[in-house]
Amino acid sequence: MSETDFKLFINGAHRPGSDGATFANISPVDGSVIGQIHQATQADVDDAVRAAQAALTGPWGTMARNDRLEMLHEVAAEIDRRFHDFLAAEVADTGKPVSLASHVDIPRGAANFKIFADVVKNVPSEFFGMDVPGTDGAINYGLRKPKGVIAVICPWNLPLLLMTWKVGPALACGNTVIVKPSEETPATATLLGEVMNTVGVPAGVYNVVHGFGPGATGEFLTTHPDVDAITFTGENLTGEKIMQASAVGARDISLELGGKNPAIVFADADMVAAIEGTMRSAFANCGQVCLGTERIYVERPIFDEFVARLKDSAEALKVGRPSDDDTDFGPLISEEHRDKVLGFYEKAVTDGAKVVTGGGVPQLEDDIAGGWWVEPTIWTGLEEDSTVVTDEIFGPCCHIRPFDTEEEAIELANDTPFGLAAAVWTTNASRAHRVGAALDVGLCWVNSWFLRDLRTPFGGSKASGIGREGGVHSLEFYTETTNVCLQL
Ligand code: NAD
């Protein structure tokens, strides 16, 4: 594989799509073409599914469990060894700062293989002894078996991290996978194929098919009758389509979808910590984090100070080339996404927002001015029914509104169809527990954000998803349990 030629990876080999079709991979930094992505046809998806099925009954399926788990540790070690290749690939696709990708995307991408290998090794299954009158009783135990061929459909915001978050546990449980990376970010999934071969993971265990979603590669994969389960991260409407596809054959599905995540900042919060955490939750990865904060509710006595401090910090962000050491803010992923985000910037003004900072496109040097840049943006003064406050923007922006009581803050935070994540900032321990429990979300951070122990449940409530992954919850999704009942 050359760095600019993103081929499919099927049955242990990189190859073009069967009809030879490719499409351009565009740099978000300057809008230039950085490579060609090979598109998988229905026939290629069929090949990938057949290869994945064969591996299940072949060397992967018959491999001793400890050998399999050891191999996944070697995959992690090989990603670490090729750290700079993965870093360069991820940064080229996304334009995110090297400082971010080197601390989050690539290390966590490798960690996903180690953690889930260890979870599979250490988590026991169920056992129940049972009284049966007139006999010595019976024992029941649960046997976890791989579910089969898993389709992994990925978004573009954290390509390696979110893909391995599914591939790691799926393989640890003994499944085989077919990954459909986002059409915006093909590189690290393709590169992982090389790692699999280097480590000796059998052909067909890990497959990658590139292409678009509707009526194309993504749909060919999710509607394929021999795919046993589908795990998806992405937008809600796509999730609904994929859920419909999974209904045929009653196949299992895991959906990690969008959010419109609130932060609640109480007057007793540690202001420095709240600003630092909110800066990350609103602006990290140019706001393209599903768990990010787009609605902030601040208790009235500290409202003005919080807004002023967040403004100062946002204006201090260094927008620029990913490789510059001091860059902490990159471009959006694509022209289409930038148009969407700028549409919300305009709508905010139309709806009467006060633009505290940002709201437009930053001035950059000529060589990168053609990229998909927007300014970090803060608004106040919008009504709660403005679409800027109700809809997921997935950009570097947030709306801040004052509140007067704890009850009001909880009501405002929960008044959304979404239920992915929330952040609460307070030094009052009772309040922290009370509000944490009252928020209708899958993940609630208190005095922190994005702190993730991979053994804990991850997923959204309400419209933000179905199911939980992480730790033992991933085992629930990636295995079928057979209960063996033995009369003694
Ligand atoms: P998207 O839904 O547009 O695309 C995700 C993937 O689905 C892509 O690979 C795409 O090609 C594929 N796809 C699209 N239509 C399809 C179809 N009909 N059948 C099969 N596959 C199809 O999402 P995106 O724009 O890549 O990602 C951004 C979204 O992802 C945001 O809404 C964000 O909140 C969400 N997200 C959620 C989480 C989470 O953990 N809950 C994490 C990251 C991102």
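Calculation criteria
Residues numbered from 1 in each chain as written. Predicted model: local features only at pLDDT ≥ 70, side-chain atom pairs only at ≥ 80, totals over all residues. Heavy atoms only, no water. Helix = DSSP H or I, 4+ residues; strand = E, 2+ residues; numbered from the N terminus. Rg over C-alpha atoms; globule rule 2.2 N^0.38 Å. Buried < 20%, exposed > 50% of the residue type's maximum accessible area, 1.4 Å probe, protein only. Contact = heavy atoms within 4.5 Å. Lys, Arg positive; Asp, Glu negative; His and termini not counted. Charge placed at Lys NZ, Arg CZ, Asp CG, Glu CD. Patch = residues over 30% accessible without salt bridge, like charges linked within 9 Å, V, L, I, M, F, W, Y side chains within 5 Å. Areas by Shrake-Rupley, 256 points an atom, 1.4 Å probe, with all protein chains shown as cover. Salt bridge = Lys/Arg side-chain N within 4 Å of Asp/Glu carboxyl O. Expected span 1.5 Å × (residues − 1). Polar contact = N/O pair within 3.5 Å; in protein donor to acceptor, adjacent residues only side chain to side chain. Pairing = 2+ DSSP bridges. Domains from an automatic or database assignment. Buried area = accessible area lost by both parts, 1.4 Å probe. Nonpolar A, V, L, I, M, F, W, Y, C, P; charged D, E, K, R; others polar. Near = heavy atom within 4 Å. 1 Å grid on protein atoms, 1.4 Å probe; cavity = no way out; pocket = protein on both sides within 12 Å on 5 of 7 lines; lining within 4 Å. Sits in = over half its atoms within 2 Å of the grid points. Right-handed = clockwise from strand over helix to strand, strands pointing away.

**Quick look at the overall build of the chain**
Of the regular secondary structure elements, the chain holds 16 helices and 23 strands. Taken over C-alpha atoms, the radius of gyration comes to 23 Å for the chain, in line with the 23 Å a tight globule of 488 residues would show. C-alpha atoms of the chain, sized along the principal axes, occupy 70 × 65 × 40 Å. Counting over 488 residues, the chain shows a buried share of 57%. The long-range share in the chain, meaning contacts at least 24 apart out of those at least 6 apart in sequence, stands at 74%. Distance from the positive charge centre (37 side chains) to the negative charge centre (68 side chains) of the chain: 3 Å.

**What about a negative patch on the surface?**
Residues E235, E335, E336 and D339 make up a contiguous surface patch of negative charge. Mapped onto the elements, E335 comes out in helix 12 (residues 335-350).

**Concerning helix 10 (residues 271-283)**
Helix length check: helix 10 (13 residues) gives 18 Å between terminal C-alpha atoms against 18 Å at 1.5 Å per residue, within 8%. Within helix 10, the full set of buried residues consists of M271, A274, I275, G277, T278, M279, S281, A282 and F283. Residues of helix 10 that are buried in the fold lie against strand 13 (261-265), strand 14 (293-299), helix 11 (303-315), strand 16 (377-380), strand 17 (397-403) and strand 19 (421-425). Its side-chain oxygen placed 3.1 Å from the backbone nitrogen of V272, D270 serves as the N-cap of helix 10. Within two residues after helix 10, N285 carries a phi angle of roughly 55°, on the positive side.

**Here's the deal with helix 14 (residues 406-414)**
Taken residue by residue, helix 14 has E406, A409, I410, L412, A413 and N414 as its buried positions. Of the surrounding secondary structure, the elements contacted by the buried residues of helix 14 are strand 13, strand 14, strand 17, helix 15 (429-438) and strand 21 (461-462).

**Concerning unusual backbone geometry**
Its identity as a non-glycine residue notwithstanding, C286 has a phi of 55°, on the positive side. Within the secondary structure layout, C286 lies in the loop between helix 10 and strand 14. Even without being glycine, F450 reaches a positive phi, approximately 70°. Structurally, the position occupied by F450 is in the loop between strand 20 (443-446) and strand 21.

**Looking at the pairing of strand 20**
A one-sided burial pattern is seen for strand 20, the buried positions being L443 and W445 and the unburied ones C444 and V446. As defined by bridge partners, strand 19 adjoins strand 20 across 4 bridges and the pair is classed as parallel. What sits directly across from A421, in strand 20, is L443.

**Brief notes about the domain arrangement of the chain**
Per the domain assignment, the segments of the chain are domain 1 (4-257 + 463-487) and domain 2 (261-456). The C-alpha-based centres of domain 1 and domain 2 are spaced at 30 Å. Tallying the contact residues gives 36 residues for domain 1 and 33 residues for domain 2. Roughly 2600 Å² of surface becomes buried between domain 1 and domain 2 when both sides are summed, with 63% attributable to carbon and sulfur atoms. Of all residues in domain 1, the largest losses of buried area upon contact with domain 2 belong to V29, R108 and W156, amounting jointly to 21% of the total for that side. Connecting domain 1 to domain 2 are 13 residue pairs in polar contact (both at pLDDT 80 or more). For the side of domain 1 that touches domain 2, the secondary-structure elements that each account for two or more residues are helix 4 (83-94), helix 5 (98-122) and helix 16 (471-478). Here the element with the most residues in the side of domain 1 that touches domain 2 is helix 5; it accounts for 8 residues. The residue makeup of the side of domain 1 that touches domain 2, split by class, is 16 nonpolar, 12 polar and 8 charged.

**Some points on the site of the ligand**
Looking at the ligand, there are 30 residues lining it, with K180, E183, T238, L257 and E392 nearest. At 2.8 Å from an oxygen atom of the ligand is found a main-chain nitrogen or oxygen belonging to C154. Here an oxygen atom of the ligand and a side-chain polar atom of W156 are 2.9 Å apart. Taking a 2 Å distance to the grid points as the criterion, the majority of the atoms of the ligand fall inside the largest pocket. Elements with a contribution of two residues or more to the shell around the ligand: helix 8 (217-222), strand 11 (229-233) and helix 9 (236-247). It is helix 8 that contributes the most residues to the shell around the ligand, 3 residues altogether. Split by residue class, the shell around the ligand holds 15 nonpolar, 9 polar and 6 charged.

**Some thoughts on the pairing of strand 14**
Across the 7 residues that make up strand 14, a large majority, 7, are buried. Pairing between strand 13 and strand 14: 5 bridges, direction parallel. Opposite A263, over in strand 14, you have I296 as the bridge partner. In this fold, strand 13 hands off to helix 10, which returns the chain to strand 14; that crossover is right-handed.

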